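These are the residues of each chain, in order.
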Amino acid sequence: MKHIADSELIINDDGSVFHLHLKPEQLADRIVLCGDPERVSMIAAYFDATECDVLNREFHTITGTYRGKRISVVSHGIGCDNIDIVINELDALANIDCTTRTVRSQFRQLTMVRIGTSGGLQSFTPVGTYVAAEKSIGFDGVIYFYKGNEMVRDIHLENELIRQLEWNIPGLLPYVVTADASLIEQITQNDIIRGMTIATNGFYGPQGRELRLPLAEPELNKKIESFRVGNRRITNFEMESSALAGLAAMMKHRAMTVCCIIAGRIDKNMNTDYKNSLPALIEKVLERI
């Protein structure tokens, strides 16, 4: 039986996992993820009862019940690097005995829905639209560090991206993963767009924003906007969906991202008061998860 060393899975003196500061018994099987630690309280305000409220760095967790369902709300901060931390530690809480440091014999599957904000790339995804990342395109590279990543990747779509985007960023290849199909059906139903979402490894240059530094590929966004495979187009930019979908798939968990569009990258408009657009999406996710 594999023993996981202290340096590989760090457990705090109180028995909680290193970054999240959560203990196994504080984690529900249903998890709502969000970037902003303050949004955790906003989502948990819908709960009927609360069990725990844990905060460490950008990682904030509240576990409670919503209409009879036990749910944990966990913030992950910004970026796929943070998703790597959060998903690994959530999986460790569910599937590793932190006392013996061995993998549990009985697998515990987690269901994770990330509620995020995003920039729309098409005329049919204006500000205020809800878009689920049925396909996630990773510009981050995180899952390449894990053996077996090719088993969860859509290689055909990756090749189409490289061809149509005339990919020319040395040392970085996009990857594509599909969110859990049953979870996409469960959450989107008939009122949330099922899209193709790009998760970038930055907010400015990687998303085509040019401030003082010039872009290496200034035409990349135009190529992204015109990309087509059948009747599918790339719908939006965000920064976490690919690592979430990819790592969860490799770990056999159910995961997806659904975003509220708060910026129109074509019309160059932005809703800075976007928090007022989130309650309806939060309610849909809590009802359906």
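Before going into details, it helps to say that this report is about the structure given with it. (Residues numbered from 1 in each chain as written. Predicted model: local features only at pLDDT ≥ 70, side-chain atom pairs only at ≥ 80, totals over all residues. Heavy atoms only, no water.)

### Some words on the pairing of strand 7 (residues 111-120)
- Most of strand 7 sits out of view: nine of its 10 residues are buried.
- Two elements, strand 1 (residues 30-34) and strand 7, share four bridges in a ladder whose sense is parallel. Counted as the bridge partner of L33 is R114 from strand 7.
- Strand direction decides the pairing type here: strand 7 and strand 13 (residues 254-264), joined by 10 bridges, are parallel. Counted as the bridge partner of T117 is C260 from strand 13.
- Two elements, strand 7 and strand 12 (residues 232-238), share two bridges in a ladder whose sense is antiparallel. Across the sheet, G119 pairs through a bridge with F237, a residue of strand 12. (Buried < 20%, exposed > 50% of the residue type's maximum accessible area, 1.4 Å probe, protein only. Helix = DSSP H or I, 4+ residues; strand = E, 2+ residues; numbered from the N terminus. Pairing = 2+ DSSP bridges.)

### A few points about the layout of surface pockets
- There is about 690 Å³ of room inside the largest pocket.
- Residue lining of the largest pocket: 23 residues in total, with N88, D91, A92, I96 and M251 positioned closest to the centre.
- Of all the secondary structure elements, the ones that give two or more residues to the lining of the largest pocket are helix 2 (80-95) and helix 6 (241-251).
- The greatest single-element share of the lining of the largest pocket, amounting to five residues, is contributed by helix 2. (1 Å grid on protein atoms, 1.4 Å probe; cavity = no way out; pocket = protein on both sides within 12 Å on 5 of 7 lines; lining within 4 Å. Points joined across faces, edges and corners; volume = space filled by probe spheres on them.)

### Brief notes about the packing of aromatic side chains
- Per the counting criterion, the structure on display carries three aromatic pairs.
- Centroid distance F203 to Y204: 5.0 Å. Interplanar angle 80°. Geometry classified as edge-to-face.
- On the basis of relative accessible area, F203 is assigned to the partly exposed category, the value being 41%.
- Positioned above the aromatic ring of F203, the side-chain terminus of R209 is 3.8 Å from the ring centre. (Phe/Tyr/Trp six-rings, centres within 6.5 Å; stacked < 30°, edge-to-face > 60°. Lys NZ or Arg CZ within 6 Å of the ring centre and 35° of its normal.)

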